[in-house]
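Architecture and fold: a report
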Amino acid sequence: PRPVPAELTDGNSEHLKREHSLMKPYQGAGSAAMPLWDFQGSTMVTSQYVRLTPDERSREGSIWNRVPCFLKDWELHVHFKIHGAGKKNLHGDGLALWYTQDRLVPGPVFGSKDKFHGLAIFLDTYPNDEATERVFPYISAMVNNGSLTYDHSKDGRWTELAGCSADLRNQNHDTFLAIRYSRGRLTVMTDVEDKNEWKNCIDIAGVQLPTGYFFGASAGTGDLSDNHDIISMKLFQLMVEHPVEDETVDWTKIEPRVSLLKSPKDNVDDPTGNFRSGPLTGWKVFLLLLCALLGIIVCAVVGAVVFQKRQERNKRFY
């Protein structure tokens, strides 16, 4: 098969993998008779959408594919809707999309387990950290080998790989998100502005994800709430050439990780939604320049004093 272009698929590819896709009409809608998907918690399946949580407090729900995915290169298109009666910041908590080793395990991270193995994309609608410069709703990516904890009080800031702001809540038009993983590169795109075009959100190289994990979606509400709906999840196989040495790799044994020069903890937020290394952002740049300027002034003053002292000493010898 000919390789697909580098950009995201158009959604009409013949490489749609139905065993990993959730589309209308949902088989067994309103019951537990969906052959390829399991759901739990407050999740309700209707003829038009899968509602992970209603607009009610302290709810959590999820839906998970029963079939492990053994594709090395894939792209997931998610048609979703987050909406509710809450105004301004009076709504929450958000939606998560998963590619993980474990499935159907409820927990504190948007309705699913913490310390997971695999990939999570968070659509966070409520800022728990009042000091944050981020604009919410905020989309972020996290890769975990089971050792990291998602810190809700900091909105996952210390384990975030990258992220962006997206106005995706209470829209009157369709909202979409695409996750592409190919040859170690993770790309997340959004289509939430009713322009029928993808907008770049996250682009990270050096990502290693094993095969044999499961796709899922979950959501949770706390004191504040929203309806979190999944309309469809479509998975496409990407036909991509790999180096010959990749044929000897057991892709099911790979540990989820990201080859970064720095840990995500070494990075701080950028108002644009991306991250840059701490010493190069915002007021730190100003302080650095100010210190450099003060250093130059001090050196100049000390030099002038020393020069004057020498001149006075030389005068005494004549």
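Thresholds, definitions, all that
Residues numbered from 1 in each chain as written. Predicted model: local features only at pLDDT ≥ 70, side-chain atom pairs only at ≥ 80, totals over all residues. Heavy atoms only, no water. Helix = DSSP H or I, 4+ residues; strand = E, 2+ residues; numbered from the N terminus. Contact = heavy atoms within 4.5 Å. Areas by Shrake-Rupley, 256 points an atom, 1.4 Å probe, with all protein chains shown as cover. Pairing = 2+ DSSP bridges. Axes fitted to C-alpha atoms, helices over the stretch in contact; angles between N-to-C directions. Core = buried A, V, L, I, M, F, W, Y, C linked by side-chain atoms within 4.5 Å. Buried < 20%, exposed > 50% of the residue type's maximum accessible area, 1.4 Å probe, protein only. Lys, Arg positive; Asp, Glu negative; His and termini not counted. Salt bridge = Lys/Arg side-chain N within 4 Å of Asp/Glu carboxyl O. Polar contact = N/O pair within 3.5 Å; in protein donor to acceptor, adjacent residues only side chain to side chain. Patch = residues over 30% accessible without salt bridge, like charges linked within 9 Å, V, L, I, M, F, W, Y side chains within 5 Å. Disulfide = S-S within 2.5 Å. Phe/Tyr/Trp six-rings, centres within 6.5 Å; stacked < 30°, edge-to-face > 60°. Lys NZ or Arg CZ within 6 Å of the ring centre and 35° of its normal.

Within the chain one finds 1 helix and 18 strands. In the chain, 69% of the contacts between residues at least 6 apart in sequence involve partners at least 24 apart. Within the structure as shown, the chain displays about 16700 Å² of accessible surface, and the carbon and sulfur contribution to it stands at 54%.

What follows deals with the sheet that holds strand β6 (residues 94-100). The strand order β1-β4-β14-β6-β7-β8-β9 describes an open sheet built from 7 strands, whose pairing is antiparallel. Every other strand in the sheet has two partners, leaving β1 (37-41) and β9 (162-165) as the edge strands with one partner each. For this sheet, the mean inter-axis angle between neighbouring strands, taken without regard to orientation, is 15°. With 7 bridges connecting them, β6 and strand β7 (residues 117-124) associate as antiparallel partners. Its bridge partner lying in β7, Leu95 is registered against Leu123.

Moving on, we get to the nonpolar core. If you look at the biggest cluster of nonpolar residues, it comprises 49 residues, and the most contacted ones within it are Trp74, Phe80, Leu123, Ile179 and Ile230. Looking at this core element by element, the count peaks at 5 residues for strand β5 (residues 74-83). Residues in contact with Leu123, not counting those within four places in the same chain, are Phe80, Ile82, Asp93, Gly94, Leu95, Leu97, Phe110, Tyr138, Ile139, Leu168 and Leu177. Membership of the second largest hydrophobic core comes to 11 residues, among which are Trp98, Phe116, Phe122 and Phe214.

The subject of this paragraph is the side chain of Asp114. Assignment of secondary structure puts Asp114 in the loop between β6 and β7. No salt bridge forms around the buried Asp114; measuring N to O, its nearest opposite-charge neighbour Lys115 is 7.0 Å away. Within the local environment of Asp114, its side chain forms a polar contact with the backbone nitrogen of Tyr150, the two atoms lying 3.1 Å apart. Not counting chain neighbours up to four residues away, the residues in contact with Asp114 comprise Pro108, Val109, Leu148, Thr149 and Tyr150.

Our focus in this paragraph is a nonpolar patch on the surface. Together, Leu287, Leu290, Leu293, Leu294, Ile297, Val301 and Val305 line one region of the surface with nonpolar side chains, adding up to about 580 Å² of accessible area. Judged by its relative accessible area of 48%, Val301 falls in the partly exposed class.

On to the state of the cysteines. Enumeration over the complete set of coordinates arrives at 1 disulfide. Through a disulfide, Cys164 is tied to Cys201; the S-S separation comes to 2.0 Å. The sign of the -105° torsion about the S-S bond sets the Cys164-Cys201 disulfide as left-handed. Of this pair, Cys164 sits in strand β9 while Cys201 sits in strand β12 (residues 199-204), and the two are 37 residues apart along the sequence. In this structure Cys201 comes out as buried when scored by relative accessible area, which is 5%.

Strand order in the open sheet formed by 7 strands is β2-β3-β15-β5-β10-β11-β12, and the pairing between neighbours is antiparallel. Looking at the sheet topology across the chains shown, the edges are occupied by β2 (44-45) and β12.

We now examine the side chain of Asp229. Considering the arrangement of structural elements, one finds Asp229 in strand β15 (residues 227-237). By relative accessible area, which is 2% here, Asp229 ends up buried. At 2.9 Å, the side chain of Asp229 and the side chain of His83 are in polar contact. Residue contacts for Asp229: discarding those within four places in its chain leaves Tyr49, Val50, Arg51, Phe80, Lys81 and His83.

With that settled, the discussion passes to the pattern of salt bridges. Throughout the structure, instances matching the rule amount to 12 salt bridges. Where Arg59 meets Glu56, a salt bridge forms, and the shortest distance between an N and an O atom there is 2.6 Å. Owing to a relative accessible area of 33%, Arg59 belongs among the partly exposed residues under this scheme. Of the residues examined, Glu56 reaches a relative accessible area of 37% and is grouped as partly exposed.

Attention now moves to the pairing of β15. For β15, the tally of buried residues reaches 9 of 11 residues, placing the bulk of the element in the interior. Sheet analysis places β5 next to β15, joined by 10 bridges and oriented antiparallel. Residue pairing in the sheet places Trp74 in a bridge with Gln237 of β15.

Time to look at the packing of aromatic side chains. A complete count under the given rule lists 11 aromatic pairs for this structure. Centre to centre, the rings of Trp74 and Tyr181 are 5.9 Å apart; their planes meet at 40°, and the pair counts as tilted. Placement of Trp74 in strand β5 and of Tyr181 in strand β10 (residues 175-182) is noted, with a sequence separation of 107 residues between them. On the numbers, 4.9 Å between centres and 40° between planes, the contact of Tyr99 with Phe215 is tilted. Pair noted here: Tyr99 is in strand β6 and Phe215 is in strand β14 (residues 214-220), with a separation of 116 residues, a long-range link. Residue classification places Phe215 among the buried positions, given a relative accessible area of 1%. Members of the aromatic cluster, connected to one another through ring pairs, are Trp74, Tyr99, Tyr181, Tyr213 and Phe215. Stacked on the ring of Phe214, the Lys or Arg Arg103 has its end atom at 5.4 Å from the ring centre.

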